[in-house]
Number of protein chains: 4
Amino acid sequence: MAGSVYGTLLKITTWGESHGKGIGVVVDGCPAGLSIAEADIQTYLDRRRPGQSKFTTSRREGDGVEILSGVFEGRTTGAPIAMEVRNLDQRSQDYGAIKDVYRPGHADYTFDEKYGFRDYRGGGRSSGRETIGRVAAGAVACKLLESLGIAVSAYTRSVGAIEISYDSFSMEERWNNRLYMPDAQAAARAEAYLEEMMARKDSCGGVVECVIRGLPAGIGEPVFDKLDGCLAKAMVSIGAVKGFEIGDGFAAARANGSGNNDSFGLTSEDLDGNPLMKEQIVKRTNHSGGTLGGISDGSDIVLRAAFKPTPSIASPQATVNRQGEETDICIKGRHDPIIVPRAVVVVEAMAALTVADLLLLSMSSRLDRIQAFFNK
Amino acid sequence: MAGSVYGTLLKITTWGESHGKGIGVVVDGCPAGLSIAEADIQTYLDRRRPGQSKFTTSRREGDGVEILSGVFEGRTTGAPIAMEVRNLDQRSQDYGAIKDVYRPGHADYTFDEKYGFRDYRGGGRSSGRETIGRVAAGAVACKLLESLGIAVSAYTRSVGAIEISYDSFSMEERWNNRLYMPDAQAAARAEAYLEEMMARKDSCGGVVECVIRGLPAGIGEPVFDKLDGCLAKAMVSIGAVKGFEIGDGFAAARANGSGNNDSFGLTSEDLDGNPLMKEQIVKRTNHSGGTLGGISDGSDIVLRAAFKPTPSIASPQATVNRQGEETDICIKGRHDPIIVPRAVVVVEAMAALTVADLLLLSMSSRLDRIQAFFNK
Amino acid sequence: MAGSVYGTLLKITTWGESHGKGIGVVVDGCPAGLSIAEADIQTYLDRRRPGQSKFTTSRREGDGVEILSGVFEGRTTGAPIAMEVRNLDQRSQDYGAIKDVYRPGHADYTFDEKYGFRDYRGGGRSSGRETIGRVAAGAVACKLLESLGIAVSAYTRSVGAIEISYDSFSMEERWNNRLYMPDAQAAARAEAYLEEMMARKDSCGGVVECVIRGLPAGIGEPVFDKLDGCLAKAMVSIGAVKGFEIGDGFAAARANGSGNNDSFGLTSEDLDGNPLMKEQIVKRTNHSGGTLGGISDGSDIVLRAAFKPTPSIASPQATVNRQGEETDICIKGRHDPIIVPRAVVVVEAMAALTVADLLLLSMSSRLDRIQAFFNK
Amino acid sequence: MAGSVYGTLLKITTWGESHGKGIGVVVDGCPAGLSIAEADIQTYLDRRRPGQSKFTTSRREGDGVEILSGVFEGRTTGAPIAMEVRNLDQRSQDYGAIKDVYRPGHADYTFDEKYGFRDYRGGGRSSGRETIGRVAAGAVACKLLESLGIAVSAYTRSVGAIEISYDSFSMEERWNNRLYMPDAQAAARAEAYLEEMMARKDSCGGVVECVIRGLPAGIGEPVFDKLDGCLAKAMVSIGAVKGFEIGDGFAAARANGSGNNDSFGLTSEDLDGNPLMKEQIVKRTNHSGGTLGGISDGSDIVLRAAFKPTPSIASPQATVNRQGEETDICIKGRHDPIIVPRAVVVVEAMAALTVADLLLLSMSSRLDRIQAFFNK
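Residues numbered from 1 in each chain as written. Chains lettered and ligands numbered in written order. Predicted model: local features only at pLDDT ≥ 70, side-chain atom pairs only at ≥ 80, totals over all residues. Heavy atoms only, no water.

- Going by what an unreviewed UniProt entry lists, chain A is known as Chorismate synthase and is assigned to Clostridium porci.
- Its UniProt record, at the heading Subunit (unreviewed entry), says of chain A: "Homotetramer."
- The UniProt entry for chain A carries the following comment under Catalytic activity (unreviewed entry): "5-O-(1-carboxyvinyl)-3-phosphoshikimate = chorismate + phosphate". (UniProt positions renumbered as here; feature names shortened; annotations may be inferred.)

Pasting the structure below:
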């Protein structure tokens, strides 16, 4: 177990380094019969691609995905789905600065300690490009969830101290600005702040929020494989994520029970306001973020991931080299002043993979439903 | 995979319900040769036991642990270590109120949705008593880590809005107050606040912080099994945890790269100020909380878990019953006004289990070390 | 991963040593709603209990099982089912002979090499008593399969060179003789042969065969988790098993394709000769033993496990002691002259656990069925 | 878990269909620092390649492997090693015969039952070409084991009823004949027999034997993850394998304890007859095939896998089509009259992957060795 395999029933394996021959993923356990095409995957990959705005790096990666197996006549066959993106931009470069010097905030030092040496080209395995495999697999998971009426939607909640307002929140708006913020005014302020960061050769952090709508109650396993616990691992496994919240998160630690508990009630309307056939149980509020005891309760799953600032900054920083000498480093090249916008689709991917896996796992929780499944 | 198994090499399986015959755990994968006795385990269990102060429930549980296997002549044999605590307090009770009514903030509703019915006695499997198995296993993990020079220490960082001050921080102080707070003044204020909560028939949340000292660099797997990602799952798997942070956590999302990056430097002193044989690489600050790229960097691991308020409160709450009718519920019996103090040792247990597992996994990362291990 | 956990969705963890405090198992992942009682488990345990005939050891073990969790009001709740059998017969014994001397054919030497020391009392963890946990868990799996119309039946196929004849085969007969042989005449000859073995202070091996009837087509995963591959591991994981066959097994290696291939045809009768609603596809023969490409094909699964002779024999044997000196050993006490009869129920248990796990896993293979399951 | 992932610490994921874009594998968990090149992998792949003799199919596959990640400057980095072989021979073909008709002895019917439809081109995922990924990964495992002094060697033991003789056994000879038989005379007779099979439009089975030399004692986990149990699964997971034996296998079931037990003794010579520094414990015989209690005992591991005859034969066979009608099928094209020679390297690959994984797992069995590893 060296960390590049994720999931139990829907199991993915990612591979590839920033400046190697390519990046890819194998998805094992996708049910047979799901319609999927390279264009579906590419749509997701394009959302994490650099060079889309002045706040993302201009390297032209292409990132054209190829599906190599597991899909036949437009549908998944149940066999592993191998997908890969070949690196186009592999020209020999001068890695002198980062080959022997440990960049602060990066994994150079820890990789050397763990493995004895490392592929130093562009960050190697610890590069943000590693997420290409996650996003390609996540696109499959999103398609699978969609076919079951479940939608996963992530967006930028904050850039530095600038946060969206739920008064002017519009899920559609996130497609209209380069920061994927669902609030046009906040996005404008955030863009100005990022300009300032770039001028100061500095960077900043931010928060991604994700909502999962349509998930039935009963998903997630008690004790160690709680839905929120698995989502926490999914989020913190994304490079640069330093915090996770479900529902009210850290605010709940300052709240009182009388205010934090979500009362149950009955409703005769579904999520979109349409009348239901019969009354169903709902929570009147959603401080819990959609889980109780680690199991989905039928309301929206709401989670957040806190991203640290981009560690690659153009200002000089004190550090140490492989030879154990103190030195300075100025990181050259163009780097995003913030990780968050390109990470939005990664959050969506990881959330979708996690939820899809737990959804499949939940099918074996009740004998009556298993008997019905096998017609016994 | 129904969620009661945790870990890869150090694998534990917990079992038991609040008012069933007992609670237990089986630890598979503990290396042979570790000295362990029931008293070692009991010390940890006593820290989570109720009835220790006016802020914890008065039920007399006993919680005397019995080791049933895997230990011979005082040392672990490499075979599974089964430990159990029999429930003494099993007298027939009146569960009328919670048998058919869904308590807000509890898992009653989601268990019914998932399994079709539930053991409603005292919360059944979703009771806080489930953590007995975790703590017993965690005690073994702590002993294992200690034998390798690694110490895991958790404490109460905040109660509601009352937070410890690092100016008056004393790790020893946490043993002196009933809230396990390492700051005597904050503890006094927190106790007063909890008295107020009890008087108002309400409850409150809080934050547990945990420091892991002595962990060598190189622990944690890149990509999906990052040290911090695994710790996130470990923490959020604890009932009532709604948020997780490593290092600066959510504050990092508001920070700048120039301030958040930890510079590397050289030192000739170890953690306790003793001179080292040769200079070694250290980080000058620890905003990252001890990991880079998900791998330990040799500095302290610092993490936090946010606990929601105790959901069981004596005030009346609106809810629904199993028959699908709206109703009110007043939760009887004595309940802790806060979960945090008894959860401190659970955080320690889960952190220790996670770190020990990843430590063992890390042994196979380098061929040169494997060859040395097998004398080749 | 230290080997005492088995299964993916239906996951069991066994614990306990021959002369420790007890033996037990935790079953995680059993679907909720299955009727189960201690008497159900005990029936299976009684079949592996010693002291039932002159060919099994006379130690009085009791082996009374206690269910400690996971069952409420007579049905499984979906929570882990902990079961244990306390060892009654723990009086201090003289283990001098086996404490320091490596018994040929036993795991004494390899345990010492692996773990540095061992619980030498009665074989410790490598004792046949370890199978108590498997059988208790297997009883649950058998009940689960029964509720889905699937029957697992093992029996003694051969004792030394004495093999059952399919001309006089009677599945019911296996309950009538102490060797669980479904052929009365073969059983009589086998008993005489065993008498001879005992007189010669020797032992012998034999073969257990197992038939699984009623398994639907489509169970088992292609490539690495084939149904027959998983059954092979299940069987060879039983102490003393040295070989595994599915269908024609090693005879297939001497066969021709024209004779070994099973033709497909149509039938309008089910397994018991009752008319079917519509014609269904069947194999005309079953050389394959019920699998094609590692996936069940709807016909009977037929497998065999070869057991070596009981290694504990009363005759003197050359060996070495812990001090690295050559010596002789005569193994005292009463030992079964053959392992097979008591292993029949262990084969059944392991087969049932394996099939039940793969059956649950197979539920997520097709999107159309998943959509139907979730009513989408 | 859909079956295309194998291993715990050394974990591989294979993908690809017979007539899809390619076949590949990702190896996660290979220790850093192992020298590896595409030529090392290709050597193994060439051994399973068709078109090498008149007994193997003439399709020109190329099978040129490309390493896409995880190797830098000629050595493994600890990151996943992705390897792939693109299918060159993808011209449109007429699959009419097998598209709708279930071939006896193949997985067509069971794939349809499991997944609802299948990639019928050349067997799709259940084709023998699937083993390319196993062999590429196995080559890495073999290199890893070699670096630790462990050699895995498989060969053809029998073709139909023609078996090698240990009197004329020569491990080198297996490279001299097209059947990989280590006995020139047996090979000559086997070739004549295969000519006969081809003339009769029939096929035959055979047995592959594998010897693992140099494995230290202590490898393999007691109870469920026994070395021999894991090897059994590894072997039976290979398509067409119907039986597995370790050591004396099924012959042990007909043996007596006095003859089957391996006595322990002392030796001052190593495997190659060189004097040892000090006397060490050895078994005088090796009926057990190198394991005791599922743990390696320091002697050679000896195992066998029984392969059924090639199911694709040119003679007409009765079967059923997808429409549920009875029909006949004559399988066109050139097919090997026996699977065994090309499977020899697959057996080696699966044995090496299994042993390497358990070897890495065994590193955490003893605290004293772990303390030494971490210099504590």
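The rest of the description comes next.
A short note on the overall build of chain A
Reasoning step 1: Counting its secondary structure elements, chain A contains nine helices and 18 strands.
Reasoning step 2: Scaling as 2.2 N^0.38, a compact globule of 376 residues should have a C-alpha radius of gyration of about 21 Å, and chain A matches this with 22 Å.
Reasoning step 3: Taken across its 376 residues, chain A has 67% of its residues classed as buried.
Reasoning step 4: In chain A, once contacts between residues fewer than 6 apart in sequence are set aside, the share between residues at least 24 apart is 67%.
Reasoning step 5: When the accessible surface of chain A is summed, it comes to about 11900 Å², and 47% of that surface belongs to carbon and sulfur atoms.
Reasoning step 6: Within chain A, the 48 negative side-chain charges are centred at a point lying 3 Å from the centre of the 43 positive side-chain charges. (Helix = DSSP H or I, 4+ residues; strand = E, 2+ residues; numbered from the N terminus. Rg over C-alpha atoms; globule rule 2.2 N^0.38 Å. Buried < 20%, exposed > 50% of the residue type's maximum accessible area, 1.4 Å probe, protein only. Contact = heavy atoms within 4.5 Å. Areas by Shrake-Rupley, 256 points an atom, 1.4 Å probe, with all protein chains shown as cover. Lys, Arg positive; Asp, Glu negative; His and termini not counted. Charge placed at Lys NZ, Arg CZ, Asp CG, Glu CD.)

Quick word on the relation of the copies chain A and chain B
Turning one copy of the chain about an axis and sliding it along that axis gives the other copy, so a rotation and a shift relate them.
Reasoning step 1: Note on the copies: chain A fits chain B at an RMSD of 0.0 Å, the axial shift is 0.0 Å, and the rotation between them is 180°. The superposition operator between the copies reduces to a two-fold rotation axis. (Least-squares fit on C-alpha atoms with pLDDT ≥ 70 in both.)

Digging into the relation of the copies chain C and chain D
Reasoning step 1: Overlaying chain C with chain D gives an RMSD of 0.0 Å, the required rotation being 180° about an axis along which the chain moves by 0.0 Å.
Reasoning step 2: Looking at chain C, 100% of its interface residues are interface residues in chain D too, so the copies touch through the same face.

Quick notes on the packing of aromatic side chains
Reasoning step 1: Within the structure shown, the criterion is met by 44 aromatic pairs over all chains.
Reasoning step 2: Ring centres of Tyr109(C) and Phe264(D) lie 5.4 Å apart, and the angle between their planes is 55°; this geometry places the pair in the tilted category. Taken together, the residues span two chains, with Tyr109(C) in helix α3 (residues 108-115) and Phe264(D) in strand β12 (residues 264-269). An identical accessibility class is assigned to Tyr109(C) and Phe264(D); each is buried.
Reasoning step 3: Pairwise contacts between aromatic rings join Phe373(A), Phe374(A), Phe373(C) and Phe374(C) into one cluster.
Reasoning step 4: Above the plane of the ring of Phe117(D) lies Arg75(A), whose end atom (NZ or CZ) is 4.1 Å from the centre. (Phe/Tyr/Trp six-rings, centres within 6.5 Å; stacked < 30°, edge-to-face > 60°. Lys NZ or Arg CZ within 6 Å of the ring centre and 35° of its normal.)

As for empty space enclosed by the protein
Reasoning step 1: Enumeration over the complete set of coordinates arrives at 19 cavities of 30 Å³ or more.
Reasoning step 2: Roughly 150 Å³ of volume is contained in the second largest cavity.
Reasoning step 3: Looking at the second largest cavity, it is lined by 19 residues, and the ones nearest its centre are Thr77(A), Ala79(A), Phe111(D), Tyr115(D) and Arg125(D).
Reasoning step 4: By residue number, the principal contributor to the lining of the second largest cavity is helix α3 (residues 108-115) of chain D, which donates three residues.
Reasoning step 5: Here the lining of the second largest cavity is built from residues that sort into seven nonpolar, six polar and six charged. (1 Å grid on protein atoms, 1.4 Å probe; cavity = no way out; pocket = protein on both sides within 12 Å on 5 of 7 lines; lining within 4 Å. Points joined across faces, edges and corners; volume = space filled by probe spheres on them. Nonpolar A, V, L, I, M, F, W, Y, C, P; charged D, E, K, R; others polar.)

Some details on the interface of chain A and chain B
Reasoning step 1: Every contact between the two is made by 107 residues of chain A and, on the other side, 107 residues of chain B.
Reasoning step 2: Interface of chain A and chain B: buried area, both sides summed, is about 8400 Å²; carbon and sulfur atoms make up 61% of it.
Reasoning step 3: Per-residue buried area on chain A facing chain B is highest for Lys114(A), Phe224(A) and Lys242(A); these three make up 11% of the total on that side.
Reasoning step 4: The interface formed by chain A and chain B contains six salt bridges.
Reasoning step 5: Here Glu221(A) ties to Lys114(B) by a salt bridge, and the two come within 3.1 Å at their closest N and O atoms.
Reasoning step 6: For the pair chain A and chain B, the interface holds 49 residue pairs in polar contact (both at pLDDT 80 or more).
Reasoning step 7: Here the side of chain A that touches chain B gets seven residues from one element, more than from any other, and that element is helix α3 (residues 108-115) of chain A.
Reasoning step 8: For the side of chain A that touches chain B, the per-class residue count stands at 44 nonpolar, 37 polar and 26 charged. (Buried area = accessible area lost by both parts, 1.4 Å probe. Salt bridge = Lys/Arg side-chain N within 4 Å of Asp/Glu carboxyl O. Polar contact = N/O pair within 3.5 Å; in protein donor to acceptor, adjacent residues only side chain to side chain.)

What to know about the interface of chain C and chain D
Reasoning step 1: Each partner contributes to the interface: chain C provides 107 residues, whereas chain D provides 107 residues.
Reasoning step 2: Between chain C and chain D the total buried area reaches about 8300 Å² when both faces are included, carbon and sulfur atoms providing 61% of it.
Reasoning step 3: It is Lys114(C), Phe224(C) and Lys242(C) that lose the most area in chain C upon contact with chain D, and together they represent 11% of the buried surface on that side.
Reasoning step 4: Linking chain C with chain D are six salt bridges, by the criterion used here.
Reasoning step 5: Close ionic contact of Arg284(D) with Glu326(C) constitutes a salt bridge, the shortest N to O distance being 2.8 Å.
Reasoning step 6: The interface formed by chain C and chain D contains 47 residue pairs in polar contact (both at pLDDT 80 or more).

Some thoughts on the pairing of strand β3 (residues 22-28) of chain A
All names here are of chain A.
Reasoning step 1: Where burial is concerned, most of β3 is hidden: seven out of the seven residues are buried.
Reasoning step 2: Of the two faces of β3, the one holding Gly22, Gly24, Val26 and Asp28 and the one holding Ile23, Val25 and Val27 are both buried throughout.
Reasoning step 3: Judged from the six bridges that link them, strand β2 (residues 11-16) and β3 form a sheet pairing that is antiparallel. In the sheet register, Gly16 faces β3, and the bridge partner there is Ile23. (Pairing = 2+ DSSP bridges.)

Observations regarding the UniProt feature "binding site: NADP(+)" (unreviewed entry) in chain A
Reasoning step 1: Under the present numbering, the feature "binding site: NADP(+)" (unreviewed entry) in UniProt falls on Arg48(A) and Lys54(A).
Reasoning step 2: Note on Arg48(A): relative accessible area 2%, which makes it buried.

Considerations on helix α8 (residues 340-361) of chain A
Reasoning step 1: With 22 residues, α8(A) ought to run about 32 Å at 1.5 Å a step, and its terminal C-alpha atoms sit 31 Å apart, in line with that.
Reasoning step 2: Counting buried residues along α8(A), 22 of its 22 residues qualify, which places the element largely inside the surrounding structure. (Expected span 1.5 Å × (residues − 1).)

Quick look at the packing of helix α1 (residues 38-48) of chain A against helix α4 (residues 131-146) of chain A
All names here are of chain A.
Reasoning step 1: Two numbers describe how α1 lies on α4: the axes approach to 9 Å, and their chain directions differ by 130°. Of the possible angle classes, the one that applies to α1 and α4 is oblique. Two packed elements cross with a definite hand, and for α1 against α4 that hand is right-handed. Residues Asp40, Ile41, Tyr44, Leu45 and Arg48 of α1 touch α4, and the partners they reach there are Thr131, Ile132, Val135, Ala136, Ala139, Val140, Cys142, Lys143 and Glu146.
Reasoning step 2: Taken together, the residues of the contact of α1 with α4 break down into nine nonpolar, one polar and four charged. (Axes fitted to C-alpha atoms, helices over the stretch in contact; angles between N-to-C directions. Parallel < 35°, antiparallel > 145°, perpendicular 65-115°, else oblique. Left-handed = near helix turned anticlockwise from the far one by under 90°.)

Description of the side chain of Arg157(B)
Residues and elements named next belong to chain B.
Reasoning step 1: Within the element layout of this structure, Arg157 appears in strand β8 (residues 151-159).
Reasoning step 2: A polar contact of 2.6 Å, which involves the side chain of Arg157, links it to the side chain of Glu209.
Reasoning step 3: Filtering out sequence-adjacent residues up to four positions away, Arg157 remains in contact with Ile162, Glu163, Ile164, Tyr166, Met181, Val207, Val208, Glu209 and Arg304.

Here's the deal with the sheet that holds strand β11 (residues 241-246) of chain A
Reasoning step 1: Across the sheet, 10 strands lie side by side as β9(A)-β8(A)-β10(A)-β16(A)-β11(A)-β11(B)-β16(B)-β10(B)-β8(B)-β9(B); this open sheet has antiparallel pairing. Since the sheet does not close on itself, it has two edges, and those belong to β9 (162-163) of chain A together with β9 (162-163) of chain B, each with one partner.
Reasoning step 2: Bridging between strand β8 (residues 151-159) of chain A and strand β10 (residues 206-213) of chain A involves eight bridges; their strand directions are antiparallel. Directly across from Ser158(A), in β10(A), lies its bridge partner Val207(A).
Reasoning step 3: Packed onto the sheet, α8(A) meets β8, β10 and β16 (301-307) of chain A and runs at close to 145° relative to β8(A).
Reasoning step 4: The strands touched by helix α6 (residues 227-236) of chain B are β11 of chain A together with β11 (241-246) and β16 (301-307) of chain B; relative to β11(B), the strand with the most contacts, the crossing angle is about 155°.

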